[in-house]
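# Observations on the three-dimensional arrangement
Each chain, letter by letter, is given below.
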Amino acid sequence: MTEAVDEEFAALEAAEPARRFESDDESEEKDIEPYDPDDEDDSTILVDVIKPQIHEFSGKILFAPFESEPDVDGMRPYFAIVSAFEPDLEAEVDVDDTTWAIDHGPEDDDEYKKSTIRYWDGAIATREQDSGENFLEYQIPVFDTSDPKRNRRINFQFRPSLPNAEHSETGERIQSLPETLPEGVRVEIQASNVEPDEIVDILQALAGEIGVNSQYFDRDAVHPWSRTLGMGVYVRCQRDVVNEQVIGPGGIFDRLSQFERQREGRGELKWDNQDAFGKRHAVALDPTQLNHLYREHSVGKLLKSYLTKNPCEAGNTSTATDHPKIEVQYNREYTPFGDHLPWFDEHADDAEGEAVQKFGYETLQRRLEEYLLNALEWAEMPRTSGHPVFVSDDHFDAEQRLSQAAADAMDFVPDPVEDVVDAERDTVTREIVEKQPTDGEKDVLEAAADGGAFETLQELAEDADVSSSTASRCVRKFERLFSKFSGIQVADDIVRERLQELLGALDDRLDQLHRGMDRLASGSTTVDEDSALGQWVQRWGVKISESGYRHSDQLQLAIAGGNLTQRELLEVLRAGYNAADLTEQIDVGRFASAEVSYYDRDGERVDVGDVVGVNQGGRTRLLGKLEVDALH
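Quick caveat: nothing in here was measured; it's all calculated off a predicted structure.

### Notes on the overall build of the protein
Scanning the protein for helices and strands turns up 18 helices and 17 strands. Here the protein holds 632 residues, and 54% of them are scored as buried. Expressed as a percentage of contacts within the protein between residues at least 6 apart in sequence, the contacts between residues at least 24 apart total 68%. For the protein, the exposed surface amounts to about 29,400 Å²; the carbon and sulfur share of it is 42%.

### Details of helix 3 (residues 76–84)
Taken as a whole, helix 3 has its buried residues at Pro77, Tyr78, Ala80, Ile81 and Ala84. Projected down its long axis, helix 3 carries its buried residues within an arc of 160°, all on one side. Close packing links the buried residues of helix 3 with strand 5 (134–144), strand 6 (153–161) and strand 7 (184–192).

### Describing the pairing of strand 3 (residues 98–102)
Judged by how many residues are buried, strand 3 sits mostly within the fold: 4 of 5 residues are covered. Hairpin connection of strand 2 (residues 92–95) to strand 3: 2 residues between the antiparallel strands, including Asp96 at a positive phi of 55°. As defined by bridge partners, strand 3 adjoins strand 5 across 3 bridges and the pair is classed as antiparallel. Note that in strand 5 the partner of Trp100 across the bridge is Asp144.

### Brief notes about the packing of aromatic side chains
A ring pair, where both rings are aromatic, is described by two values, the distance of the centres and the angle of the planes. Evaluation of the coordinates by the stated rule reveals 19 aromatic pairs. Their ring planes at 70° and their centres at 5.9 Å tell us that Tyr294 and Trp378 sit as a pair that is edge-to-face. Here the residue Tyr294 occupies a position in the loop between helix 7 (287–290) and strand 11 (300–306), and Trp378 occupies one in helix 8 (residues 361–378), the gap between them amounting to 84 residues. A residue is classified by how much of its surface remains accessible, and Tyr294, at 5% relative accessible area, is buried. Given a relative accessible area of 1%, Trp378 falls into the buried group. Members of the aromatic cluster, connected to one another through ring pairs, are Tyr78, Phe79, Phe85, Tyr119, Phe135 and Tyr138. Across the ring face of Tyr334, the terminal group of Arg266 is positioned such that the distance to the ring centre comes to 4.0 Å.

### A few points about the nonpolar core
Buried together is how nonpolar side chains tend to be arranged in soluble globular proteins. Among the nonpolar cores identified, the biggest contains 102 residues, and Ile154, Phe156, Phe158, Phe217, Leu293, Ile326 and Tyr371 are the most heavily contacted of them. Per-element accounting of this core gives the leading share, 9 residues, to helix 8. Judged by nonpolar contacts, the second largest core, of 49 residues, contains Leu445, Phe454, Leu460 and Val466.

### Quick word on the environment of Glu571
By secondary structure assignment, the location of Glu571 is in helix 17 (residues 566–582). Taking C-alpha positions, Glu571 is 7.8 Å from Thr429, a pair spaced 142 residues apart along the chain. Those residues in contact with Glu571 that sit more than four places away from it in its chain are Arg430, Val433 and Glu434.

### Quick look at the confidence of the model for the protein
A residue-level look at the protein finds 78% of positions with pLDDT of 70 or above and a mean pLDDT of 81. Counting interchain partners and residues more than four positions distant, the pLDDT-below-50 stretch residues 609–632 has 48 contacts.

### Details of unusual backbone geometry
One non-glycine residue, Arg150, adopts positive backbone phi at about 60°. Within the secondary structure, Arg150 is located in the loop between strand 5 and strand 6. Despite not being glycine, Asn164 shows a phi value in the positive range, around 50°.

### Some thoughts on the packing of helix 11 (residues 439–450) against helix 13 (residues 468–477)
Between helix 11 and helix 13, the shortest axis-to-axis distance is 9 Å and the interhelical angle comes to 75°. It follows that helix 11 is roughly perpendicular to helix 13 by the angle criterion. Residues Gly440, Glu441, Val444 and Leu445 of helix 11 lie in contact with helix 13, whose contacting residues are Thr470, Ala471, Arg473, Cys474 and Lys477. Split by residue class, the contact of helix 11 with helix 13 holds 4 nonpolar, 2 polar and 3 charged.

### Section: a negative patch on the surface
A contiguous patch of negative charge, built from Glu86, Asp88, Glu90, Glu92, Asp94, Asp96, Asp97 and Glu209, is present on the exposed surface. Along the polypeptide, Asp97 turns up in the loop between strand 2 and strand 3. Note on Asp97: relative accessible area 85%, which makes it exposed.

### Some details on helix 11
In an α-helix, one turn spans 3.6 residues; hence positions three or four apart end up facing the same way. The end-to-end C-alpha distance of helix 11, which contains 12 residues, comes to 16 Å, matching closely the 16 Å that a straight helix rising 1.5 Å per residue would cover. Those residues of helix 11 lying buried are Glu441, Val444, Leu445, Ala447, Ala448 and Ala449.

### Quick notes on the environment of Arg401
Note on placement: Arg401 falls in the loop between helix 8 and helix 9 (404–408). The class of Arg401 is partly exposed, set by a relative accessible area of 48%. For Arg401 and Val49, which are 352 residues apart along the polypeptide, the C-alpha to C-alpha distance reads 5.3 Å. With residues near it in sequence (within four places) discarded, Arg401 still touches Asp48, Val49, Ile50, Lys51 and Ser385.

### Considering the pattern of salt bridges
Within the structure shown, the criterion is met by 22 salt bridges. Put simply, Asp103 and Arg153 hold a salt bridge, and the shortest N to O gap is 2.8 Å. Residue Asp103 is located in the loop between strand 3 and strand 4 (118–125), and its partner Arg153 is located in strand 6; the two are separated by 50 residues in the primary sequence. Residue Asp103 shares its accessibility class with Arg153, and that shared class is buried. For Glu431, the salt bridge identified is with Lys435, shortest N-O distance 2.9 Å. Linking Glu431 with Lys435, this pair stays in helix 10 (residues 416–435), spanning 4 residues, or about one helical turn. For Lys435, a relative accessible area of 30% corresponds to the partly exposed category. Three or more residues joined by partner-sharing salt bridges are found here, namely Asp73, Arg127, Asp130 and Glu183.

Rules and cut-offs
- Along each chain, numbering runs from 1 in the same order as the chain's sequence is written.
- Thresholds applied to this predicted model are a pLDDT of at least 70 for local features of residues and 80 or more for the giving and counting of side-chain atom pairs; totals over whole chains, interfaces and linings are not thresholded and use all residues.
- Based on all heavy atoms of the structure, the side-chain values leave hydrogens and waters out of the count.
- Secondary structure follows DSSP: runs of H or I at least 4 residues long count as helices, runs of E at least 2 residues long count as strands, and numbering of each begins at the N terminus.
- Think of it in three bands: residues with accessible area under 20% of the maximum for their type are buried, residues over 50% are exposed, and the middle band is partly exposed, with areas taken using a 1.4 Å probe on protein chains only.
- Residue contacts follow a heavy-atom distance rule, with two residues in contact if any of their heavy atoms lie within 4.5 Å.
- In these tables, accessible area is a Shrake-Rupley quantity obtained with a 1.4 Å probe, and a residue counts as shielded only by the protein chains included in the view.
- In this description, the arc belongs to the directions extending from the helix axis to the C-beta atoms.
- For two strands to count as paired, DSSP must find a minimum of two bridges between them.
- Planes of paired rings set the category: under 30 degrees apart is stacked, over 60 is edge-to-face and the rest tilted, where pairs are Phe, Tyr or Trp rings (Trp by its six-membered ring) whose centres lie within 6.5 Å.
- Note on criteria: charge over ring means Lys NZ or Arg CZ within 6 Å of the ring centre, with the direction from the centre no more than 35 degrees off the ring normal.
- In plain words, nonpolar cores are sets of buried Ala, Val, Leu, Ile, Met, Phe, Trp, Tyr and Cys residues tied together by side-chain atoms within 4.5 Å.
- Per-residue confidence from the predictor is reported as pLDDT, a score between 0 and 100.
- For helices, the fitted line uses only the C-alpha atoms of the stretch in contact; every axis is such a line through C-alpha atoms, and the angle between N-to-C directions lies from 0 to 180 degrees.
- When describing relative orientation, an angle under 35 degrees is termed roughly parallel and one over 145 degrees roughly antiparallel, while 65 to 115 degrees is termed roughly perpendicular and anything else oblique.
- Only Asp, Glu, Lys and Arg are considered charged in this grouping, and only Ala, Val, Leu, Ile, Met, Phe, Trp, Tyr, Cys and Pro are considered nonpolar; every other residue, Gly among them, is considered polar.
- Nonpolar side chains (Val, Leu, Ile, Met, Phe, Trp, Tyr) are joined into patches within 5 Å and like charges within 9 Å, using only residues with over 30% relative accessible area and no salt bridge.
- Between Lys or Arg on one side and Asp or Glu on the other, a salt bridge is scored when a side-chain nitrogen of the former is within 4 Å of a carboxyl oxygen of the latter.
- Note that His is not counted, nor are the chain ends; the positive residues are Lys and Arg, and the negative ones are Asp and Glu.
- By convention, the point assigned to a charge is CZ for Arg, NZ for Lys, CD for Glu and CG for Asp.
- A helix's residues, less one, multiplied by 1.5 Å, set its expected span.

Dropping the structure here:
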């Protein structure tokens, strides 16, 4: 039954549709000062979180106030609209200090492109007791009279609701409508720049003004089968900042798409620079892809940056609409299942089946705002209301902030791309350190890191110039570094780059390494390069030398095997300590008390502290921090 309802009354959509209005992005001209990050006070602290503006919102509400009264004609609300409707119907209502008027279009605009009041023949056949062959459907749009462009508006479309509905032409039951659909009226809603919480109140006020009982459209009369179909929230930001940090090379759109493209799930990056750079860029991700970033997502989301229909050239920005919107939309195309949302959160308990989400528009709006604000943070942009990077327009107020309760309820997270990049780098390091590839396996890893996708193991083996058994053994041994999709290839660019860093730094420097290993020997014994310690030294390109301090026999270990995080360094040192312990006649104590340095991600040599040592409990210290398990 609910599956049929969730078909969105497809049969009715076949009737002449009302033209969907488009909210033009032409706002009142305002002079905008360019944002200069050098003007910021370094002491600025994020306290007040900017409130995103609701943009487009759509849904379908089923009102069935007489469902529990079988002796009353449940279609009274629909027939009340029929009786009140006239093509020249006029009405104005005041709701929360805003005046709303029925839209007939401006008198002096013959090419007005937004929806106006109208009616048309519907597809549902009338009942035996009703006159005519089919029910009519009605459209009554209203707009905020303080908005001269009429972009703050709601379009109400009224359709009948009844059980066992039949098609007016074929006489067959409309399969997309459940047999037990209650009698009442369905109201399709398309709104722009209007908070969803206000919509039912405005509908009630309009009904009362045109002579319809407003109680028909009371919140308590909203049926649990009502649905939220679409929503978007946005902020408007300085164009040069967006071009660089959001949609430019290395910006958050670029990083999100590169990060996700080789992971499970579905996503898409689109761009349009035809009329001007940044006309429209968008990244769509399904729930599986979004879950790689933070918390559990259950609906797809579209993150986009776009300019007005006729954008000016960059550098000529002078008014609000010369700057782009950054918007997040609920995306049904990228919601593979559960793409129907209840109207209210409270109706989630009545939702049945996988097709219906367990939350309504209230939670959806909060989650869209949360994703948008997190994306700003990941793009290294501010989230503080009143910040000069934000540009007010006719609807978005750059000074308005979220309520403290709303901000506290959100899950603000650091850039997850960076966190996952670090975690994946650590995984590669740990795999190489702990599993110690043979020379043949090293050739396979280098081939995989330098190449693309190989259709077969034999292709990979030939490229690495090893046997197919060696290639097979390497892929099984280091399975965490390989992708499960699209042939045989490393998991993603992060793994690829890390492997290239690690493997590329293991060039032979045997003379230098021999001298370094000899300094670790307890006597005059030369350390064999094939020993456990010798292999470790070669693997990580470790240079071993005496300390330059007088009266000190401390050794210095310089690790040139890659750009190491502190966690990776500890993994390498643990492996080195274990290798030294396994190598005969090595003074493990001298190794454990050595001073260690390594090269950071920019290739700069970084000292990690005066002492990296093992105490009696087999623990180590770094930079005076608390003891951490590293060398045992």
